[in-house]
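Chain by chain, the residues run as shown.
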Amino acid sequence: MQSITRIGQGYDVHAFGPGDHIMLGGERISHVAGVKAHSDGDVILHAVCDALLGAMALGDIGMHFPDTDVQWKGADSRVFLRHVARLLAEHQYQVVNIDTTVLADAPRLGQYRDRMCANIAADLCINIGQVNIKATTSEGLGFIGKREGLACHAIALIESVSSHE
């Protein structure tokens, strides 16, 4: 049986709001603000979930975890990613790789990158080398440059798992 390869892309954005930290890639990062979100507002994990759901043609994160459902208020986004991992297994797909780009003028993310990649890899049961997180600024332009929020783009490549050799 020939394997099938599929690609998906995801995007998430959140405005900054009251708080003293943000969640990114499952890591709590001290910051001068929090994010306005129904869950923990982790733009990396939300974008990764959307990329994987898109690759499987299973909608988006809002369909699986609607912000109108009180059970997801303040939820840890790693719960969402683990749900997507179960869907991958159920539909017989495996992750080839995930590539993300965080758009934020603050905070700086370099010191957290390895732990964020490790969190994503652990939740998806893949090798850390299959996850890449990059960050860029917007050079002071737009809402990101004005430090009003942050965003993330993600791309995921998956392939079918063949049960026949």
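Residues numbered from 1 in each chain as written. Predicted model: local features only at pLDDT ≥ 70, side-chain atom pairs only at ≥ 80, totals over all residues. Heavy atoms only, no water.

Undergrad: Can you explain the overall build of the protein chain? Please cite residues and give values.
TA: Scanning the protein chain from N- to C-terminus turns up five helices and seven strands. The N-to-C order of helical and strand elements in the protein chain reads β-β-β-β-α-α-α-β-α-β-α-β. Here the protein chain has a C-alpha radius of gyration of 16 Å; the compact-globule value for 165 residues is 15 Å, and the two agree. For the C-alpha atoms alone, the extent of the protein chain along its principal axes is close to 55 × 35 × 25 Å. Across the 165 residues that make up the protein chain, the buried fraction comes to 48%. (Helix = DSSP H or I, 4+ residues; strand = E, 2+ residues; numbered from the N terminus. Rg over C-alpha atoms; globule rule 2.2 N^0.38 Å. Buried < 20%, exposed > 50% of the residue type's maximum accessible area, 1.4 Å probe, protein only.)

Undergrad: A description of the sheet that holds strand E4 (residues 34–35) should follow, citing residues and the corresponding values.
TA: Strands sit in the order E4-E1-E7-E5-E6 across an open sheet of five strands; the sheet is mixed. Edge positions in the sheet fall to E4 and strand E6 (131–136), since each of these pairs with one other strand and no more. In this sheet, strand E7 (residues 149–160) lies alongside strand E1 (residues 5–17) in antiparallel orientation, the contact comprising 11 bridges. When the bridges of E7 are listed, Gln9 appears paired with Ile155. Helix H1 (residues 43–55) rests against E1, strand E5 (93–103), E6 and E7 of the sheet, and its axis sits at about 150° to E1. (Pairing = 2+ DSSP bridges. Contact = heavy atoms within 4.5 Å. Axes fitted to C-alpha atoms, helices over the stretch in contact; angles between N-to-C directions.)

Undergrad: Give me the lowdown on H1, citing residues and values where you can.
TA: An ideal rise of 1.5 Å per residue puts 18 Å on 13 residues; H1 measures up with 18 Å between its terminal C-alpha atoms. Taken across its 13 residues, H1 has 12 buried, putting it largely inside the fold. Taken residue by residue, H1 has Val43, Ile44, Leu45, His46, Ala47, Val48, Cys49, Asp50, Ala51, Leu52, Leu53 and Ala55 as its buried positions. For H1, the side-chain oxygen to backbone nitrogen distance between the N-cap and Ile44 is 3.2 Å, and the N-cap itself is Asp42. (Expected span 1.5 Å × (residues − 1). Polar contact = N/O pair within 3.5 Å; in protein donor to acceptor, adjacent residues only side chain to side chain.)

Undergrad: Now, about helix H4 (residues 113–124): what can you tell me, with residues and values included?
TA: Its 12 residues give H4 an end-to-end C-alpha distance of 17 Å, which sits within 8% of 16 Å, the value for a rise of 1.5 Å per residue. For H4, the complete set of buried residues consists of Met116, Cys117, Asn119, Ile120, Ala121, Asp123 and Leu124. Considering only its buried residues, H4 is in contact with strand E2 (21–24), strand E3 (27–30), H1, helix H3 (77–90), E5 and E6. Of the residues trailing H4, Cys125 is marked for its positive phi of about 55°.

Undergrad: Report on the packing of aromatic side chains, specifying residues and quantitative values.
TA: Summed over all chains, the structure comprises three aromatic pairs. With a centroid separation of 5.7 Å and 80° between ring planes, the pair formed by Trp72 and Phe80 is classed as edge-to-face. In this structure, Trp72 and Phe80 share a single accessibility class: buried. Aromatic rings pair up to connect Phe65, Trp72 and Phe80 into one cluster. (Phe/Tyr/Trp six-rings, centres within 6.5 Å; stacked < 30°, edge-to-face > 60°.)

Undergrad: Describe the environment of Phe65, listing the residues and the values that go with them.
TA: Of note, Phe65 is situated in the loop between helix H2 (61–64) and H3. By relative accessible area, Phe65 is classed as buried at 10%. Taking the C-alpha atoms as reference points, Phe65 and Ala85, separated by 20 residues in sequence, lie 15 Å from one another. The residues contacting Phe65, other than those within four sequence positions of it, are Trp72, Phe80 and His83.

Undergrad: Please set out the pairing of E3 residue by residue, giving values where relevant.
TA: A one-sided burial pattern is seen for E3, the buried positions being Glu27 and Ile29 and the unburied ones Arg28 and Ser30. Hairpin remark: E2 followed by E3, antiparallel, with two residues in the connecting loop; positive phi at Gly25, about 60°.

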